[in-house]
Amino acid sequence: MHESVLAELRRVCGAEAVLHEPLQLLTYECDALPHLRETPAAVVLPRSAAEIQDIVRLCARENIPFVARGHGTGLSGGALPVAGGIVISLARLNRVISVDIPNRRVVVEPGVTNLEITRQVAPFGYYYAPDPSSQQVCSIGGNVAENSGGAHCLKYGFTTHHVLAVEAVMPDGSLVHIGNSLPDAPGPDLLGLVVGSEGTLAIVTKVTVRILRKPEAVQTLLAAFTSIGAGGQAVSDIIGAGIIPAAVEMMDRLTVEAAEAAVHPNFPPADTILIVELDGPTSEVQEMFETVETICRRAGATAIEIAQNDEQRMRIWKGRKAAFAAMGRMAPNYYVQDGVVPRTRLPEVLERIRALEQRSGLRIGNVFHAGDGNLHPLICYDERIPGQADLAEQVAAEILTYCVEAGGSITGEHGVGADKRDYMPRMFSDVDLDVMQAVRDAVDPKRLCNPGKVLPTPRLCGEVPGPYREHPLERAGLGERF
Amino acid sequence: MTVDGIQPVEVVTPRDVAELAAAMSSAQAARRATVISGGGSKLSWGRTPGRVDVVVSTARLSHLIAHRHGDLTATIESGATLTDVNRLLARHGQWLPLDSAFPAATIGGIVATNDSGPLRHRFGTPRDLLIGVTLVLADGRVVHAGGTVVKNVAGYDLGRLVSGSFGSLAAIATATFKLSPLPATSGTIGVLYRERGALARDAQLLASNQFEFTSLDVQVTPGPGGPEYRLLVRVASSPSATETQLAAVQRLVSAASQMIDGRAETDLWRDQVAAPWIGNATTLRMAWMPAALAEVLTLLERIGHETGATVTFTGRSAVGAGLLRLDGPPEKAATFVERLRDDDAVANVVVLRAPSEVKARVDVWGEPGDAAPVMRAIKTALDPAGILNAGRGPI
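Account for the overall build of chain A, naming residues and giving values.
Along chain A, the regular secondary structure elements total 17 helices and 18 strands. Scaling as 2.2 N^0.38, a compact globule of 482 residues should have a C-alpha radius of gyration of about 23 Å, and chain A matches this with 23 Å. Expressed as a percentage of the 482 residues in chain A, the buried residues total 60%. For chain A, the share of sequence-separated contacts (at least 6 apart) that also reach a separation of at least 24 residues comes to 70%. Carbon together with sulfur atoms contributes 51% to the accessible area of chain A, which is approximately 17900 Å² in total. Charge separation in chain A, taken as the distance between the mean sites of 44 positive and 59 negative side-chain charges, equals 2 Å.

Here is the structure:
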């Protein structure tokens, strides 16, 4: 990176906020998807939206790609740096700006963690609903970028359902207010476009979220089954009975064993563990919980445990939430996928995954949000064995194919990022992707804002499939086709 | 059919997505000012256009394509009416929990206007339930976004982008929604207040409690002795949960309340949704901070007195969103809108429907925010010839 650019960055943010020594840059080479790595030219740690505006304007002027980064917990390489580009860390924009209990909303900067919002409002009996497993450390800015979900999104929805407004720096450096903290801002739902755009359209500098009252009652049940099919039947019957639980989670034998070894939740031995949580007014929860219990027994549950208090509930959730990390005990490396299938197709897709496990020789643990069909297959491999890392990636790709073939999605909550952009054509047509690219180009015509994420290899804007036609940029001598 | 009093040169009624695409691309090729219409129930909303060359009606795209009841999702052609869709979904004990004041309102029109009513308290607006769309761009390209699963973050959310776009970005061909189970029972508590302060206090008390209401609405209507204030609280759940919560509400509120169920309850909510649209009045949408309800009601009464406009108000008190009906001469309504916009207690004041004299005096959309250049850039990318909803807004 040119020294004059570094000097200007130092002038904007202060010398200590600009990192460019190789050792300093190491931390920023990847997010929580460590197999994708890239060294940026520099990392800046601004403290305000105004500083971000200056950085982005500088990038626009010098044609330097920039990548916004929260706390680096993303699982799709959404914060993967661009070679020669700048990483803009939002870690220092970590102020809670306002807590408005009477109006049930909180305004925070993007570097505030997800759980910090709940910590701020818990004394008043409120909480922030989206609860990704990383909620203790992930940033709200990252949640907005990825439209994060969590175990409880079956009932409560995703980040997009809980964000009322954002302030953002656009790729030209302008500061805009998208949505306002009051409902029904006129015009297209730009906020709905920006939430989940994975940092490719804007850098969010302030977020207004709504908070909810803690439910009056929470009831959690754990049921053991001898097959995924039996557990799946219980889930179908629960939904069929008109019950929308707060969470419905399933774990297979391998992930249960891993969790047991790691955090000892003392789950009953089973092929499949189902966790169902209901929350809401006491009268409603009690009545529906009895129905859920009956359904589980009828579906062949071999054991049912009901959490009698918060401590027991925490133990159940600890077992579930530790599943990812616990897989580290089962294999030196693992690869997490995030495919989604319509809930009714779960048994069939899981059967295909089991067959793939046998065929590939790689163990695959399955832990999933059964209520909404979001699978998290954990593909175990050993990178020291030549070819296994590649094989794991092939297996992951195969699983995503099953999901798409069943009418699902390649990602339910982790985002496309750099990891799955090449799978996008399996879900979307060329036209779909061209139009998404056109929207991106309208907002970021210089293609500097988190390039290489979400959409497959960039196309020239205005390029249409079919016989060759000279693009206006080619005609003007500003671009060429390879 | 007229668009806000303007006679379109031509009305096209495609039978399928391919014909819709052909209609769009030929309109763009000839640079014709194009309005997308569903049931035509909101064709008078928006700015009055200078001319309308073609209305593309989705009336014949009216099929329920798929009801995946096991997955609680449905894919619906945009021209299907909400009433018809809910009749079909009820066969499997499910529904799309949205309100419309208009029997002819279609799925496409409801999404394009992001229209909502009392059910919003529990279920949100159409954009909150939308999980996938098929759109047709002005150049005839057919575009998909989202999908048919409730949890999906792949690609840009173009479905949300067209929510509230009023047909200015693309035509909606199909929409996929997440559904809800039909509740077993429903009941409503109606509370009548003599003064707005007591209404606002009770509304805030209930909103910050741990109930799961289906609706928490307020209503202010002109009465013989001054405004009448009502709070309407609906619970729809299992029989015992409904009864328990409604009884708790009756214990909490500070004025005499009445339990309403069965046919009377259905009628009550139908009337609440229809109230803003009675007669040929001016109807506004506006938003406020929920805790400022008393201040907002005072403001509405003050401006009503000052201007001489008669105000009917219905709103979602925990959300802070609602509709105003202004009866009286158009010039009074126009002045009302101007004064309302001058006050910081309310925001996003949009004139949805109004006599031409009102629209001549005030812009229906109000001041665009600082994100307007971003919206215009997206509009140019999707509708480069600027034919869609030309002259009507919002972009």
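Describe the interface of chain B and chain A, and please don't skip the residues or the numbers.
Contacts between the two partners involve 70 residues from chain B and, on the opposite side, 83 residues from chain A. Counting the surface lost from both chain B and chain A, the interface buries some 6200 Å², and carbon and sulfur atoms represent 59% of this. Taken together, chain B and chain A are joined by five salt bridges. A salt bridge links E413 of chain A to K151 of chain B, with the shortest nitrogen-to-oxygen separation between them at 3.1 Å. Remark: the boundary between chain B and chain A carries 30 residue pairs in polar contact (both at pLDDT 80 or more). Contributions of two or more residues to the side of chain B that touches chain A are made by α5 (126-129), β8 (142-146), α6 (158-162), α7 (196-207), α8 (239-252), β15 (282-288), β18 (346-353) and α13 (372-382) of chain B. Looking at the side of chain B that touches chain A, the element that brings in the most residues is α13 of chain B, giving six residues.

Please provide a residue-by-residue account of the packing of helix α13 (residues 346-360) of chain A against helix α14 (residues 388-405) of chain A, values included.
All names here are of chain A. Close contact between α13 and α14 brings their axes to 10 Å; oriented N to C, the two are set at 160°. Judged by the angle between their axes, α13 and α14 are roughly antiparallel. In the crossing of α13 with α14, the sense of the turn from one axis to the other is right-handed. Residues V349, R352, I353, L356, R359 and S360 of α13 touch α14, and the partners they reach there are L391, V395, E398, I399, Y402 and E405. Split by residue class, the contact of α13 with α14 holds seven nonpolar, one polar and four charged.

How would you summarise the side chain of D184 of chain A if you had to cite specific residues and measurements?
Counting through the fold element by element, D184 of chain A comes out in the loop between β9 (175-178) and α7 (190-194). Those residues in contact with D184 of chain A, other than ones at most four positions away along the chain, are R120, R285, A321 and N348 of chain B.

Describe the confidence of the model for chain A, and please don't skip the residues or the numbers.
With 95% of its residues at a pLDDT of at least 70, chain A reaches an overall mean of 92. Low pLDDT, under 50, characterises residues 477-482 of chain A; the predicted model gives this stretch nine contacts beyond four residues in sequence or across chains.

I'd like to hear about the environment of N280 of chain B, residue by residue, with values.
Tracing the backbone through its elements, the reader meets N280 of chain B in the loop between α9 (262-274) and β15. Sequence separation between N280 of chain B and R353 of chain B is 73 residues, and the spatial gap between their C-alpha atoms is 8.7 Å.

How would you sum up the environment of G196 of chain A? Please name residues and give values.
All names here are of chain A. The topology assignment puts G196 in the loop between α7 and β10 (203-210). Residue classification places G196 among the buried positions, given a relative accessible area of 11%. Taking the C-alpha atoms as reference points, G196 and L90, 106 residues apart in sequence, are found 17 Å from one another.

Which residues make up helix α2 (residues 82-89) of chain B, and what values go with them?
Those residues of α2 of chain B that sit buried are L82, V85, N86 and L89 of chain B. Along α2 of chain B, the residues classed as buried sweep out an arc of 95° about the axis, all on the same side.

Describe helix α3 (residues 49-62) of chain A, naming the residues involved and giving the relevant values.
Residues and elements named next belong to chain A. For α3, which comprises 14 residues, the first-to-last C-alpha distance of 20 Å matches the rise-based estimate of 20 Å (1.5 Å per residue) to within 8%. Within α3 the residues assigned to the buried category are A49, E51, I52, Q53, I55, V56, L58, C59 and A60. Positive phi appears at N63, one or two residues downstream of α3, with a value of about 55°.

An account of the pairing of strand β5 (residues 73-77) of chain B is requested, with residue identities and associated values reported.
Residue and element names in this part refer to chain B. Within β5, five of the five residues are buried, which leaves it mostly tucked inside the rest of the structure. Side chains of β5 alternate between two faces, with T73, T75 and E77 and A74 and I76 buried alike. As paired elements, strand β4 (residues 64-68) and β5 share four bridges and run antiparallel to each other. Within the sheet, the bridge partner assigned to L64 lies in β5 and is I76. Bridge count between β5 and strand β9 (residues 171-178): five bridges; the pairing is antiparallel. Within β9, the position partnered with A74 by the bridge is F177.

Tell me about the sheet that holds strand β2 (residues 42-44) of chain A, and name the residues and values.
Residue and element names in this part refer to chain A. As summarised here, the arrangement of the four strands in space is β1-β2-β4-β3, forming an open sheet in which the pairing is mixed. Strands at the two margins of the open sheet, each flanked by one partner only, are β1 (18-19) and β3 (66-69). The sheet contact formed by β2 and strand β4 (residues 86-89) spans three bridges and is parallel. Of the residues in β4, the one forming a bridge with V44 is I88. Strands β2, β3 and β4 of the sheet are contacted by α3, whose axis makes an angle of about 170° with β4.

Hey, could you go over the nonpolar core for me, with residue numbers and the actual values?
L158 and L340 of chain B are the most contacted members of the largest nonpolar core, which has 187 residues in total. The dominant element in this core, judged by the number of residues it contributes, is α14 of chain A, at nine residues. Listed in part, the 30 residues of the second largest apolar core include V5, I64, L90 and L448 of chain A.

Account for the side chain of R392 of chain B, naming residues and giving values.
Residue and element names in this part refer to chain B. With respect to the helices and strands, the residue R392 is situated in the segment after α13. As a buried residue without a salt bridge, R392 has its nearest oppositely charged side chain in D4, at a separation of 6.1 Å. Not counting chain neighbours up to four residues away, the residues in contact with R392 comprise V3, V35, K42, L43, S44, W45, G46, R47, P49 and W365.

Please set out the sheet that holds strand β13 (residues 247-252) of chain A residue by residue, giving values where relevant.
Residues and elements named next belong to chain A. Strand order in the open sheet formed by seven strands is β15-β12-β14-β13-β17-β18-β16, and the pairing between neighbours is antiparallel. The open sheet has two free edges, formed respectively by β15 (303-306) and β16 (333-336), since each of these has just one partner strand. Each strand axis lies, on average, 15° off the axis of its neighbour in the sheet, ignoring direction. Across six bridges, the pairing between strand β17 (residues 364-369) and strand β18 (residues 374-381) is antiparallel. Paired with N366 across the two strands is P377, which belongs to β18.

Help me get a handle on the packing of α7 of chain B against helix α10 (residues 293-307) of chain B, residues and values and all.
All names here are of chain B. Where α7 meets α10, the closest approach of the two axes is 8 Å, and the angle between their N-to-C directions is 145°. The handedness of the crossing between α7 and α10 comes out as right-handed. Two secondary-structure elements touch here, α7 through R196, L199, A200 and A203 and α10 through L293, A294, L297, T298 and E301. Here the contact of α7 with α10 is built from residues that sort into six nonpolar, one polar and two charged.

Quick rundown of the pairing of β9 of chain B? Include the residues and the values.
All names here are of chain B. Counting buried residues along β9, eight of its eight residues qualify, which places the element largely inside the surrounding structure. Judged from the six bridges that link them, strand β7 (residues 130-136) and β9 form a sheet pairing that is antiparallel. Considered in β9, the bridge of T134 is made with T174.

Residue-level account of unusual backbone geometry, with values.
Of note, the amide linkage connecting G393 of chain B to P394 of chain B takes the cis form, showing an omega dihedral of 5°. Counting through the fold element by element, P394 of chain B comes out in the segment after α13. Residues other than glycine seldom take positive phi values, yet R104 of chain A does so here, at roughly 55°. By the element assignment, R104 of chain A lies in the loop between β5 (96-100) and β6 (105-108). Accessibility expressed as a relative area gives 10% for R104 of chain A, which makes it buried. With a phi close to 50°, D4 of chain B is a non-glycine residue in the positive phi region. When you line up the elements, D4 of chain B lands in the segment before β1 (10-12).

Scoring rules and cut-offs
- Residues numbered from 1 in each chain as written.
- Chains lettered and ligands numbered in written order.
- Predicted model: local features only at pLDDT ≥ 70, side-chain atom pairs only at ≥ 80, totals over all residues.
- Heavy atoms only, no water.
- Helix = DSSP H or I, 4+ residues; strand = E, 2+ residues; numbered from the N terminus.
- Rg over C-alpha atoms; globule rule 2.2 N^0.38 Å.
- Buried < 20%, exposed > 50% of the residue type's maximum accessible area, 1.4 Å probe, protein only.
- Contact = heavy atoms within 4.5 Å.
- Areas by Shrake-Rupley, 256 points an atom, 1.4 Å probe, with all protein chains shown as cover.
- Lys, Arg positive; Asp, Glu negative; His and termini not counted.
- Charge placed at Lys NZ, Arg CZ, Asp CG, Glu CD.
- Buried area = accessible area lost by both parts, 1.4 Å probe.
- Salt bridge = Lys/Arg side-chain N within 4 Å of Asp/Glu carboxyl O.
- Polar contact = N/O pair within 3.5 Å; in protein donor to acceptor, adjacent residues only side chain to side chain.
- Axes fitted to C-alpha atoms, helices over the stretch in contact; angles between N-to-C directions.
- Parallel < 35°, antiparallel > 145°, perpendicular 65-115°, else oblique.
- Left-handed = near helix turned anticlockwise from the far one by under 90°.
- Nonpolar A, V, L, I, M, F, W, Y, C, P; charged D, E, K, R; others polar.
- pLDDT = per-residue confidence, 0-100.
- Arc of directions from axis to C-beta.
- Expected span 1.5 Å × (residues − 1).
- Pairing = 2+ DSSP bridges.
- Core = buried A, V, L, I, M, F, W, Y, C linked by side-chain atoms within 4.5 Å.

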